[in-house]
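Fold and contact review
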Amino acid sequence: MTTPKYKIDSFEEYNKEYKRSIENPIEFWDDIANDFTWHKKWDTTYESDFSKAKTQWFIGGKLNITENCIDRHLTEKGEQAAIIFEPNNPNDPNQIITYNQLHKRVCEFANVLVNKGIKKGDRICIYMGMIPELAIAVLACARIGAIHSVIFGGFSAKSIADRVNDAEANCIITCDAANRGNKTIPLKSVVDEALTECSTVETVLVYNHLNTKIQMKEGRDHDWVKTVTEVVESRNSDFPAVSMDSEDPLFILYTSGSTGKPKGVVHSTAGYMVWANYTFVNVFQYQEGQTHFCTADIGWITGHSYIIYGPLSAGATTLMFEGIPTWPDAGRFWEITDKYSVDILYTAPTAIRSLMTFGDAPISEKNLDTLKVLGTVGEPINEEAWQWYKGKIGHGEVPIVDTWWQTETGGILISNLAGITPEKPTFATLPLPGVQPALMDENGNELIGNDVSGNLCIKFPWPGMIRTTYGDHDRCLDTYFSAYPDKYFTGDGCLRDENGFYRITGRVDDVLNVSGHRIGTAELENAINMHPNVVESAIIGYPHDIKGQGIYAYVIHIGEQDQETIKKEILGYVTQHIGPIAKPDKIQIVSGLPKTRSGKIMRRILRKIAEGEFQNIGDTSTLLNPEIVDDIINGRI
Ligand code: WT7
């Protein structure tokens, strides 16, 4: 594959392409989609009705995304690295997996899945560490047409069980344990615990990564390597990709929202593929032969789109890093960058802020001179972190792309194109071709012109958009398409400056963004309220230097224990019901919560207190219990 003709080379071309995408979306997307490998081309480019949350792209087309990510590169790039695996411990052996080897391993594992009775349309949960087998498992699912649902390794047994049950998955793919810095995380035993609450799972495939002691249940659990060997002996190791409909679901990814229960965001095959590829090539200005290092975990959408599907569909070399940025020291990202001559580095503001605190020492011996593009994603980036990234990592020269998007959008929607369109610190800047943002005021009217701020919506369909929430289409309609008629509502606040550049200001709903991870306040409150002595709780986000937002929990607790014990127990409930990522940073035991006369918690007041702003608490006279406010201020931590 040579450089695709839809790669934008100048600001002028961006403007031209943007205009064309609005004026003639059919021609625009037909041209792009024509560059991919299809079993059968589509009949209709798109059909959409936002009032029913219904959008389809490339209708009638037949394809398999893994042929676009692997097979079509084999003639020219068979011996090029598809995946570079850098292990947690820098002294352990790394792995280079060529496109030829990736093809072989994905086909072998696809054979294993089929051999275990898994069929097109079945749901498979994947709960693994960041090892190549995770990418292979994802691609093998896609090859046979099974719908993958990757669950981040930091989620608890209860969270796994909820996701498995919601999707009625019949198979889980896991590994014995995972490495994270100096910790070993037992994954298989967490799966075992989850499975005590799941009746649909018949098969568990276990990759033995660390040789830790695990239980294998006869008949249900199978060793990855052993099954691959058996299947390869009895069958051809090739596996012809199953023909999928453009609109067949490719994957489910669970994400938190304003309500208590995470929802399964469903992405389709063709639209998602085109979007992941188009945005990868254009935003990062990917050039043939480059190595792309996205530091996200495949458990999140960023890993799906910019470790697996975007880079592989473009024939790039994608780097998978098993470890964490600060172990064995805070120079790990920079060491990896030099070791593999990384061209594109894509990370999160929280990682940048955390690495900044270590000063210059971890960078001082590093070259970092192969970097052509730096990217950030997941949360607003503050000016200081942006300048540090630009100056220290980019030598003041390398373009930074600030990419705004969501699990639901499939890929990047608003971002500058590296070195092509202007960058502006703390601004995601301009929408990609095909993306039509709208800012809405509090009366539900669209704000026209520049220098305005409001709630961010998208008013026209794009190929990578969410198709439904698994098993509950009404929820998709309610959550995203009901707030404003005929518009997709993002849940983010946003301003458009005098030049038409967009700056995302953060969530406007009850969702926190902690270290770039989305945490629903209702979900977290539910977990805390499970504690038998907790009467009620309220979760509030507050500004946190490293995490962006920290979690402040106000908890009404009845019981005799001392505060330390209570807090420890609450953290235990959170870890058990959601996972360690949702642990509150601060817990304040209170005797009551400020309520309106209708019984609603006044979160505005709690937010001010958590932020340390007691002077401007505002009007408390409408409260049912105004006296509680002083109590809470006095007990603040
Ligand atoms: C939310 C989506 C997109 C993959 C990672 C997170 C926030 C994301 C930016 C950015 C400001 C950003 C938004 C968004 N967000 N990127 N560049 N600038 N905010 O995916 O878990 O679906 O979260 O992350 O608030 O709604 P997610």
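See above for the structure.
Residues numbered from 1 in each chain as written. Predicted model: local features only at pLDDT ≥ 70, side-chain atom pairs only at ≥ 80, totals over all residues. Heavy atoms only, no water.

**Some thoughts on the overall build of the chain**
Scanning the chain for helices and strands turns up 20 helices and 31 strands. In summary, the chain has a C-alpha radius of gyration of 24 Å against a globular reference of 26 Å for 637 residues, a match within 12%. Expressed along its principal axes, the backbone C-alpha trace of the chain runs to roughly 75 × 60 × 55 Å. Evaluated residue by residue, the chain yields a buried proportion of 61% over its 637 residues. Summarising the internal contacts of the chain: among those between residues at least 6 apart in sequence, 71% fall at separations of at least 24. Carbon and sulfur atoms provide 48% of the accessible area of the chain, an area that totals close to 23800 Å². Side chains of the chain give 60 positive and 83 negative charges; the mean places of these two sets differ by 2 Å. (Helix = DSSP H or I, 4+ residues; strand = E, 2+ residues; numbered from the N terminus. Rg over C-alpha atoms; globule rule 2.2 N^0.38 Å. Buried < 20%, exposed > 50% of the residue type's maximum accessible area, 1.4 Å probe, protein only. Contact = heavy atoms within 4.5 Å. Areas by Shrake-Rupley, 256 points an atom, 1.4 Å probe, with all protein chains shown as cover. Lys, Arg positive; Asp, Glu negative; His and termini not counted. Charge placed at Lys NZ, Arg CZ, Asp CG, Glu CD.)

**Structural notes on the sheet that holds strand E12 (residues 221-223)**
Within a sheet, each strand pairs with its neighbour through backbone hydrogen bonds, oriented either parallel or antiparallel. Strand order in the open sheet made by the eight strands is E12-E11-E8-E6-E7-E14-E15-E24, with mixed pairing throughout. The sheet terminates laterally at E12 and strand E24 (468-469), the two strands that pair on one side only. Summarising the sheet, strand E8 (residues 171-175) and strand E11 (residues 203-207) pair through five bridges and their orientation is parallel. Bridging from a neighbouring strand, Thr-174 pairs with Val-206 of E11. Packing against the sheet, helix H9 (residues 224-234) makes contact with E8, E11 and E12, and its axis sits at approximately 75° to E12. The strands that helix H10 (residues 270-283) touches are strand E14 (249-255) and strand E15 (263-268); relative to E15, the one it contacts most, it runs at about 85°. (Pairing = 2+ DSSP bridges. Axes fitted to C-alpha atoms, helices over the stretch in contact; angles between N-to-C directions.)

**Some thoughts on the side chain of His-577**
Mapped onto the fold, His-577 is located in helix H18 (residues 563-577). His-577 gets classed as buried once you look at its relative accessible area, which sits at 16%. Those residues within four positions of His-577 in sequence are excluded, and the remaining contacts are Ser-156, Lys-158, Ser-159, Ala-527 and Met-530.

**What to know about the site of the ligand**
Lining the immediate surroundings of the ligand are 17 residues, of which Asp-402, Thr-403, Thr-407, Asp-492 and Arg-518 lie closest. Arg-518 places a side-chain nitrogen or oxygen 2.7 Å from an oxygen atom of the ligand. Isolated, the ligand exposes 550 Å² of accessible area, and the fraction of that covered by the protein chains is 95%. Only helix H11 (301-313), strand E20 (400-403) and strand E26 (502-507) provide two or more residues apiece to the shell around the ligand. (Near = heavy atom within 4 Å. Polar contact = N/O pair within 3.5 Å; in protein donor to acceptor, adjacent residues only side chain to side chain.)

**Describing the packing of aromatic side chains**
Per the counting criterion, the structure on display carries 40 aromatic pairs. Ring geometry for Tyr-6 against Tyr-278: centres 5.8 Å apart, planes inclined by 40°, an arrangement best described as tilted. With Tyr-6 in the segment before helix H1 (11-23) and Tyr-278 in helix H10, this residue pair connects regions lying 272 residues apart in the sequence. The same class applies to Tyr-6 as to Tyr-278, namely buried. Geometrically, the ring pair formed by Phe-109 and Trp-224 is stacked, given 3.7 Å between the ring centres and 10° between the ring planes. In this pair, Phe-109 is assigned in helix H5 (residues 99-115) and Trp-224 in helix H9, connecting sequence segments 115 residues apart. (Phe/Tyr/Trp six-rings, centres within 6.5 Å; stacked < 30°, edge-to-face > 60°.)

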